[in-house]
Amino acid sequence: MREDEYSLAGKMIAMSIVHGGPGPNFLSRDLVSYISGQSSFHSSVADVTDEEIGKVLQEIQKASSLQTLRDLMVQHSTMLQTAGCFKHVKSLEEKHSIVKEYLRWYIIDRNHSAIERFKNGLATLQVLTALQQYPLVLTPVLCHSKKK
């Protein structure tokens, strides 16, 4: 962040795309969806690279009773409070929304400053505008694909 490398990366990607070079093909669909102004978010616990956080989220997902879920919420309250997900749960089904809210915070919200600088770089040569206007066309150029 201090050296503005996210903006530089966005500029490099924009220049490459505009000049017919390769796209990065490594960004997550959720990130590209967010950058392009789309509302979809489909990340899973498997997308979390921090083992401890992933383990906690899996425990919450696997909670089999309301009391177990409440106990897990209290046990991991600091982690959940940081993301704004700590609350009193009234039903076991709320575990899904808690995990989804945490994932959105973990992937998008906590990285807001870096994402904004990256978007600023992508604005070079109007690539960000094109992505926002034609997300279906440009998303495959930016996103990770298992197909080579």
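Up top is the structure.
Residues numbered from 1 in each chain as written. Predicted model: local features only at pLDDT ≥ 70, side-chain atom pairs only at ≥ 80, totals over all residues. Heavy atoms only, no water.

Comments concerning the side chain of Ser43
Working step 1: Mapping Ser43 onto the fold places it in the loop between helix H2 (29-35) and helix H3 (51-62).
Working step 2: The exposure class of Ser43 is buried, given its relative accessible area of 16%.
Working step 3: Side chain to side chain, Ser43 and Asp47 meet in a polar contact 3.5 Å long.
Working step 4: When residues no more than four places from it in sequence are discounted, the contact partners of Ser43 are Asp30, Leu103 and Ile107. (Helix = DSSP H or I, 4+ residues; strand = E, 2+ residues; numbered from the N terminus. Buried < 20%, exposed > 50% of the residue type's maximum accessible area, 1.4 Å probe, protein only. Polar contact = N/O pair within 3.5 Å; in protein donor to acceptor, adjacent residues only side chain to side chain. Contact = heavy atoms within 4.5 Å.)

Considerations on the nonpolar core
Working step 1: Counting 39 residues, the largest nonpolar core has Ile35, Leu57, Leu80 and Tyr102 as the members making the most contacts within it.
Working step 2: Counting residues per element, this core draws most heavily on helix H6 (residues 94-107), at 7 residues.
Working step 3: In this structure Tyr102 touches Ile53, Leu57, Met79, Leu80, Ala83 and Cys85, once residues within four positions along its chain are discounted. (Core = buried A, V, L, I, M, F, W, Y, C linked by side-chain atoms within 4.5 Å.)

As for a nonpolar patch on the surface
Working step 1: Taken together, the side chains of Met15, Val18 and Leu125 make up a nonpolar region of the molecular surface, amounting to roughly 240 Å² of accessible area.
Working step 2: Mapped onto the secondary structure, Leu125 falls in the loop between helix H7 (112-122) and helix H8 (127-133). (Patch = residues over 30% accessible without salt bridge, like charges linked within 9 Å, V, L, I, M, F, W, Y side chains within 5 Å. Areas by Shrake-Rupley, 256 points an atom, 1.4 Å probe, with all protein chains shown as cover. Salt bridge = Lys/Arg side-chain N within 4 Å of Asp/Glu carboxyl O.)

Structural notes on the packing of aromatic side chains
Working step 1: Inspection of the entire model under this criterion finds 2 aromatic pairs.
Working step 2: Between Tyr102 and Trp105, the aromatic rings sit 5.4 Å apart at their centres with planes inclined by 55°, giving tilted as the arrangement. Of this pair, Tyr102 and Trp105 are both found in helix H6, 3 residues apart, which corresponds to roughly one turn of the helix. As far as burial versus exposure is concerned, Tyr102 and Trp105 are alike and both buried.
Working step 3: The rings of Tyr102, Trp105 and Tyr106 are connected pair by pair, giving a single aromatic cluster.
Working step 4: The ring of Phe41 carries Arg104 above its face, with NZ or CZ at 5.7 Å from the centroid. (Phe/Tyr/Trp six-rings, centres within 6.5 Å; stacked < 30°, edge-to-face > 60°. Lys NZ or Arg CZ within 6 Å of the ring centre and 35° of its normal.)

Digging into unusual backbone geometry
Working step 1: If you check the backbone angles, Asp4 has positive phi at about 60° while not being a glycine.
Working step 2: Structurally, the position occupied by Asp4 is in the segment before helix H1 (5-18).
Working step 3: Accessibility expressed as a relative area gives 28% for Asp4, which makes it partly exposed.

Some points on the packing of H3 against H6
Working step 1: Between H3 and H6, the shortest axis-to-axis distance is 8 Å and the interhelical angle comes to 160°. What the angle tells us is that H3 and H6 run roughly antiparallel. Note on packing geometry: the crossing formed by H3 with H6 is left-handed. When H3 is examined against H6, the residues Ile53, Leu57, Ile60, Gln61 and Lys62 are found in contact with a partner set consisting of Lys95, Val99, Tyr102, Leu103 and Tyr106.
Working step 2: Along the lines of polarity and charge, the residues of the contact of H3 with H6 split into 7 nonpolar, 1 polar and 2 charged. (Axes fitted to C-alpha atoms, helices over the stretch in contact; angles between N-to-C directions. Parallel < 35°, antiparallel > 145°, perpendicular 65-115°, else oblique. Left-handed = near helix turned anticlockwise from the far one by under 90°. Nonpolar A, V, L, I, M, F, W, Y, C, P; charged D, E, K, R; others polar.)

In short, shape yes, function no, at least from these values alone.
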